[in-house]
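Spelled out from the first residue to the last, the chains are:
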Amino acid sequence: MRKILLTALLFAAPLGASAREAVPRAERAGTNDTSWAFEKSDIPLDSEFRFGRLANGMRYIVRRNATPVGTAVVRMEVAAGSLDEHDDEQGFAHFVEHMAFNGSKRVPEGQMIPLLERDGLAFGADTNASTSFERTVYKLDLPRSDAALLDTALMLMRETAGELTISQAAIDRERGVILSEMRDRNTFALRNTIDSTRFFYPRALYSSRFPIGTVATLNAANAQNLRAFYAREYVPDHVTLVIVGDFDPAAVEAGIVRHFGDWHGPQAELQPDAGPVDAKDRKRTGVWIDPALSERLTIQRNGAWLDEPDTIAQRQENLLRSIGYAIVNRRLQRLSRSAQPPFRGAGFGTGDVFETARSTRLIIDSVDGKWADGVAAVAREYRRALAHGFSAAEVSEQLAQLRSSLVDAAGSANTRSNAVLAAIALALVDDRLVPSTPASGLERFEAFAPRITPKAVLAAVRREALALDKPLIRFEGRKAPEGGEPALRSAWQQAMRGPVPRENAAAAANFGYTAFGTPGTVVSDTRDPLLGIRELRFSNGVMLNLKQTELEKDRVRVSLSIDGGDMLETRDDPLATDMVGWLEKGGLGKHSRDDLDSIMAGHTLGFGLSSGTASFDAQTVTTPRDLELQLQLLTALVTDPGYRAEGEVQYRQQVNNTFARLRATPSSAMSADLGRIVSDNDPRFSLQPVETYRRLTYARLQKSISDRLAHGAVEVGLVGDFDEDKAIAFVAGTLGALPPREAAFQAYDEQPPRTFTADRSARVVRHTGPADQALLRLTWPTRDDSDPLDTLRLEMLERVVRIELTDSLREALGKAYSPSAGSSLSHYWKGYGTFAIAASIDVADVPASREAIRKVLLDLRTAPVSDDVLQRARAPLLEAYQNALKGNATWLSLVDRAQSQPDRIARFTQARERLIRITAGDLQAMAQRYLDPNKGLEVLALPEGVESPRP
């Protein structure tokens, strides 16, 4: 059983190692062991999964599920990834993945994606694949679970598994796409990850087998050597098919046998070990500098992999470990949230390096130049934890969190989505985790909970965590640490000396916001005739919209909208609402943000506001039992924000890091300058100097937003599994109990309009990334969203343009990995909207790409698109509307503003019929009206010092 790292910080620097030993290890589990983990485990198996193995060795997992109703997902995993490549085959696993979309025995080259689009699957969203070190996974999300579409999906997976043609002509065309993908991914973050991997695991195969490959091996790929890799690795013993959805499992199993039963192949080769990783490797220090990197120090030791099959006893051991790591990380989080934090963030944990080693590490994210303070503080907490252990209160807080998550999982078990259940099935294949029911997991937890003591937790952490003595130390940042590598080593050694006192844990307080005044009374109560949304208004003006569903058992989605948002920003004060997203970091008047985490342990809650165009918004998911507390928490944030200094500190830290990497990639440079260019330097839509952001304070934010928080119109939406009468009473006692609010959201007509520049001359922005990276963007002004037909026509045109760009720039020319198109129509800025096309390309390909885009646009304006392209664009949209109300997320998007924006409901209910009536001529008219190639605003992101290609 694989163990994952325990904090997001630890995920940020991958613990995977990579390097192949000369001889594969026959005794390895995982991808070389095709037995089912439950065959030797005492964990009770979820009987709803059906497991099978064909005579040829291929395995499958099938499960019936009706969330969303009438849909299905298909996943085919091939236990072949970049670890399986020979030295001269680097990148071949990923190359073969691309070739799966480029021709097979029954599907001509270039027809797989169009075939699926005609059946309602959008490329990228519903049709995708990925290649990693150990495996390749093909994914289809089927909008319908009818027999015909399921049969098509099985046919395509069978073609991918053993019938790819891999022609030389297709390879030559696809090579450019893969090299474009390699170019796009060549960022400061990836280069840092590669160096980090090679530093911590210098002899490991993994470190020289990143899936994208090398330019040399990709250029050397041909029909002969790619087919050889495909024939060797795509064999029945390497393949597992997972199908989950609303169907008859027996019929699906029969389809699997029908399509795959005649497939034969050679005996599967064992996947090489990802190592070796030397457990005695120690006392090495490294420094990696990049102007875009924020400062981070990683302290690490490597040791032997612990082969721990998934059993009840092992899960109990893992639970104890996870609690211990979580407590240490909770202590570190508390320090990072102080008014004068010694570091920006930190994490401690142990995780697997595939099945070859394990690594224990401390990660310290510090303010530039302050790494030594971070080392001292983190080392102190690490030593304190391992020396003195944990308090009963700390363990109780973690138990409350765990119990809450398990109760939530058990409550919603019967409405888990197809995608979630497919992921559980793949976890059995990938990590040998036995799928059991959430109810049985909760039962086992409650039986074990009395044995979860501070002493037991500490012992479990000590059993797994490697001692960080004489560790590997790696620094990354914008500038080298003062004193260099010796200073880093010396600081760690110094921090590990001397006594450390015990932790003095403060007792958690009671939540101080349970009464907000006399509960409000309902003065209006109606139901929307189209969708049955219940709409109420309280005497203080607060609007409440309700929709009960059974789509997510034991879940309630909550939305809150308050008049204001970015409309409060002016030319004189363009950053008035910039800190709204950081309001929750300042906590509440009675509780700090950190205190709230302890107080709310054991509850499922969300906290915070964002600033939209014309409102302050919150969306969160809670449970019926926590709904009242959720509403109390949001009401407290609206009425008594804490505005504590620690929130300001965290805001400024992110400002500094954001600006430091502002020009690091073409996309970040484009984002930095585009608003200024399009708006003719309107400060409301332009990036300001960094010092302007650094000067922002909570006091200034409070002055900007306090009136809206106190008086602005309020609308609340609730969707999901709740009792209507109780929900109404909860809102009445919280937001409904506040002083009177404004009755309606403001129009903000006094704001100067948002305009699109009349200067359409081409512009160039500069980035500091690799010299071959360019980003070409063309933007046209369109209109606002007041006309529902034009809105849908432009959405359809967006999809048509994307199809045509993919067919030309990607498939035919191989110039771009993922060209995009997008229509954005404003609801609030009257008359304002944009249509944009973007392509990430090689600098040398700018002229050819520019011309290809121009040709696409001219063709769209000259003649209507074919019926086939129209169907490929329309079918996925129709399926999306057909399935939209099968999920609570879409329901909430209609419920949240049902009273203040009632037209959204009518638009939604009529959208499908309107889409059906849109013709190719309509789209041609839209292209003629808006997409004149000579009137688009071109902005080109180029590397610094590179001459701009001529038009």
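As the structure is a computational prediction, the values presented were derived from the model and not from experiment.

1. Observations regarding the overall build of the protein chain
If you tally the helices and strands in the protein chain, you get 29 helices and 23 strands. Dimensions of the protein chain, computed from the C-alpha atoms along their principal axes, are close to 75 × 75 × 60 Å. Per-residue burial over the protein chain gives 58% buried out of 951 residues. Surface exposure of the protein chain reaches about 36900 Å², of which carbon and sulfur atoms provide 51%. Between the centroid of the 117 positive side chains of the protein chain and the centroid of its 125 negative side chains there is a distance of 3 Å.

2. A closer look at unusual backbone geometry
Omega for the bond connecting Thr67 with Pro68 falls within 30 degrees of zero, at -5 degrees, which places this linkage in the cis form. In this structure, Pro68 sits in the loop between strand S2 (59–64) and strand S3 (72–78). The omega torsion of the bond from Gly275 to Pro276 falls at 10 degrees, within 30 degrees of zero and hence cis. Locating Pro276 in the fold gives a position in the loop between helix H9 (249–260) and strand S7 (285–289). Even without being a glycine, Lys470 presents a positive backbone phi close to 50 degrees. Tracing the backbone shows Lys470 in the loop between helix H15 (454–464) and strand S11 (472–477). For Lys470, a relative accessible area of 46% puts it in the partly exposed group. Backbone geometry places Asp554, a non-glycine residue, at a positive phi of 65 degrees.

3. Focus on the sheet that holds strand S23 (residues 937–943)
In spatial order, the strands read S19-S23-S20-S22-S21; together these five strands make up an open sheet with mixed pairing. Edge positions in the open sheet fall to strand S19 (763–767) and strand S21 (820–825), since each of these has one partner strand only. When the angles between neighbouring strand axes are averaged without regard to direction, this sheet yields 20 degrees. In this structure, strand S20 (residues 773–781) lies alongside S23, joined through five bridges in antiparallel fashion. The residue bridging Arg777 from the neighbouring strand is Val939, located in S23. Sheet strands touched by helix H5 (residues 168–185): S20 and strand S22 (833–842). Its angle to S22, the strand with the most contacts, is close to 100 degrees.

4. Examining the environment of Phe722
Note that Phe722 resides in the loop between strand S18 (714–720) and helix H23 (724–733). Taking the relative accessible area as the measure of exposure, Phe722 reaches 7% and is therefore buried. Here the alpha-carbon distance between Phe722 and Tyr230, two residues 492 residues apart in the chain, equals 52 Å.

5. Observations concerning the packing of aromatic side chains
The way to describe two aromatic rings as a pair is by their centre distance and the angle between their planes. Inspection of the entire model under this criterion finds 21 aromatic pairs. Relative to Phe51, the ring of Phe49 has its centre 6.2 Å away and its plane inclined at 35 degrees; by these criteria the two rings are tilted. For Phe49, a relative accessible area of 6% puts it in the buried group. Taking the relative accessible area as the measure of exposure, Phe51 reaches 22% and is therefore partly exposed. Taken together, Trp36, Phe38, Phe49 and Phe51 form an aromatic cluster joined through their ring pairs. Above the ring of Phe685, the side-chain terminus of Arg754 is found at 4.1 Å from the ring centroid. Across from the ring centre of Phe745, 4.0 Å away, lies the NZ or CZ of Arg897, which sits over that ring.

6. Some points on the pattern of salt bridges
For the coordinates displayed, the defined rule picks out 74 salt bridges. A salt bridge links Arg50 to Glu253; the nearest nitrogen and oxygen atoms lie 2.5 Å apart. Here the residue Arg50 occupies a position in strand S1 (residues 50–53), and Glu253 occupies one in helix H9, the gap between them amounting to 203 residues. What makes Arg50 partly exposed here is its relative accessible area of 35%. Here Glu109 and Arg173 are joined by a salt bridge, their closest N and O atoms 2.6 Å apart. Of the two residues, Glu109 is situated in the loop between helix H2 (92–99) and helix H3 (112–118) and Arg173 in helix H5; the sequence distance between them amounts to 64 residues. Each of the salt bridges in this network shares a partner with another, and the network as a whole consists of Arg330, Arg334, Arg337, Glu397, Glu584, Lys585, Arg593, Asp594 and Asp597.

7. Thoughts on the environment of Gly520
If you trace the backbone, Gly520 turns up in the loop between helix H16 (484–495) and strand S12 (522–527). Residue Gly520 is classed as buried on the basis of its relative accessible area, which comes to 15%. Between the alpha carbons of Gly520 and Val542 there is a distance of 9.1 Å; along the sequence they are 22 residues apart. Leaving out residues up to four positions away in the same chain, Gly520 has contacts with Phe538, Ser539, Ala732, Gly736 and Ala737.

8. Details of the pairing of strand S8 (residues 296–304)
Across the nine residues of S8, eight count as buried, placing the element largely inside the fold. In this structure, S8 lies alongside strand S10 (residues 357–365), joined through nine bridges in antiparallel fashion. Note that in S10 the partner of Thr298 across the bridge is Ile363. Examined bridge by bridge, S8 and S11 share five bridges and lie antiparallel to one another. Counted as the bridge partner of Arg296 is Glu476 from S11.

9. As for the packing of helix H26 (residues 867–883) against helix H28 (residues 903–917)
At a minimum axis separation of 10 Å, H26 and H28 run at an interaxial angle of 160 degrees. Relative to H28, H26 is oriented roughly antiparallel. Seen from above, H26 lies across H28 with left-handed handedness. Contact residues: H26 offers Arg874, Leu877, Leu878, Tyr881 and Gln882, while H28 offers Phe908, Ala911, Arg912, Leu915, Ile916 and Arg917. Split by residue class, the contact of H26 with H28 holds seven nonpolar, one polar and three charged.

10. A short note on the environment of Phe730
Along the chain, Phe730 falls in helix H23. Along the backbone, Phe730 and Glu109 are 621 residues apart, and their C-alpha atoms lie at a distance of 59 Å. Once residues lying within four places of it in the same chain are set aside, the contact partners of Phe730 are Leu627, Glu628 and Leu631.

11. Considerations on the side chain of Thr635
Along the polypeptide, Thr635 turns up in helix H18 (residues 627–639). A distance of 2.6 Å separates a polar atom in the side chain of Thr635 from the backbone oxygen of Leu631. Other than its neighbours up to four places away in sequence, Thr635 contacts Phe516, Thr734, Leu735 and Leu738.

12. Examining the packing of H2 against helix H8 (residues 223–233)
Running from amino to carboxyl end, H2 crosses H8 at an angle of 95 degrees, the nearest separation of the two axes being 10 Å. Taken together, the axes of H2 and H8 lie roughly perpendicular to each other. Here Phe92, Ala93, Phe95, Val96 and Met99 of H2 come into contact with H8, specifically with Asn225, Leu226, Phe229 and Tyr230. Classifying every residue of the contact of H2 with H8 by side-chain character gives eight nonpolar, one polar and no charged.

13. Considering the sheet that holds S7
Ordered by their spatial adjacency, five strands build an open sheet running S7-S11-S8-S10-S9, and the pairing between neighbours is mixed. Looking at strand neighbours, the two that pair on one side only are S7 and strand S9 (345–353), the edges of this open sheet. Taken over all neighbouring pairs, the strand axes of this sheet differ in orientation by 15 degrees on average, direction set aside. Strand direction decides the pairing type here: S7 and S11, joined by five bridges, are parallel. Paired with Gly286 across the bridge in S11 is Arg474. Each of S8, S9, S10 and S11 touches helix H11 (residues 371–388); the most contacted strand, S10, lies at about 130 degrees to it.

14. Description of the confidence of the model for the protein chain
Per-residue confidence for the protein chain gives a mean pLDDT of 94; residues scoring 70 or more make up 96%. This model gives residues 4–31 a pLDDT under 50, and the stretch forms 105 contacts once residues within four places in sequence are excluded.

15. Examining the nonpolar core
Judged by nonpolar contacts, the single largest core of 55 residues is most densely connected at Met76, Leu142, Leu226, Leu241, Ile243, Ile256 and Phe260. For this core, the element with the most residues is helix H4 (residues 147–162), which contributes eight residues. By size, the runner-up hydrophobic cluster in this structure holds 54 residues, among which are Met579, Ala636, Leu696 and Ile728.

16. Side note on the pairing of S23
By the criterion of burial, S23 is predominantly enclosed, with seven of the seven residues buried. Here S23 shows no split at all, with Leu937, Val939, Ala941 and Pro943 on one side and Glu938, Leu940 and Leu942 on the other all buried. Pairing geometry for S19 and S23, over five bridges, is parallel. The residue of S23 that forms the bridge with Val764 is Leu940.

Reading the values: rules and limits
- Residues numbered from 1 in each chain as written.
- Predicted model: local features only at pLDDT ≥ 70, side-chain atom pairs only at ≥ 80, totals over all residues.
- Heavy atoms only, no water.
- Helix = DSSP H or I, 4+ residues; strand = E, 2+ residues; numbered from the N terminus.
- Buried < 20%, exposed > 50% of the residue type's maximum accessible area, 1.4 Å probe, protein only.
- Areas by Shrake-Rupley, 256 points an atom, 1.4 Å probe, with all protein chains shown as cover.
- Lys, Arg positive; Asp, Glu negative; His and termini not counted.
- Charge placed at Lys NZ, Arg CZ, Asp CG, Glu CD.
- Pairing = 2+ DSSP bridges.
- Axes fitted to C-alpha atoms, helices over the stretch in contact; angles between N-to-C directions.
- Contact = heavy atoms within 4.5 Å.
- Phe/Tyr/Trp six-rings, centres within 6.5 Å; stacked < 30°, edge-to-face > 60°.
- Lys NZ or Arg CZ within 6 Å of the ring centre and 35° of its normal.
- Salt bridge = Lys/Arg side-chain N within 4 Å of Asp/Glu carboxyl O.
- Parallel < 35°, antiparallel > 145°, perpendicular 65-115°, else oblique.
- Left-handed = near helix turned anticlockwise from the far one by under 90°.
- Nonpolar A, V, L, I, M, F, W, Y, C, P; charged D, E, K, R; others polar.
- Polar contact = N/O pair within 3.5 Å; in protein donor to acceptor, adjacent residues only side chain to side chain.
- pLDDT = per-residue confidence, 0-100.
- Core = buried A, V, L, I, M, F, W, Y, C linked by side-chain atoms within 4.5 Å.

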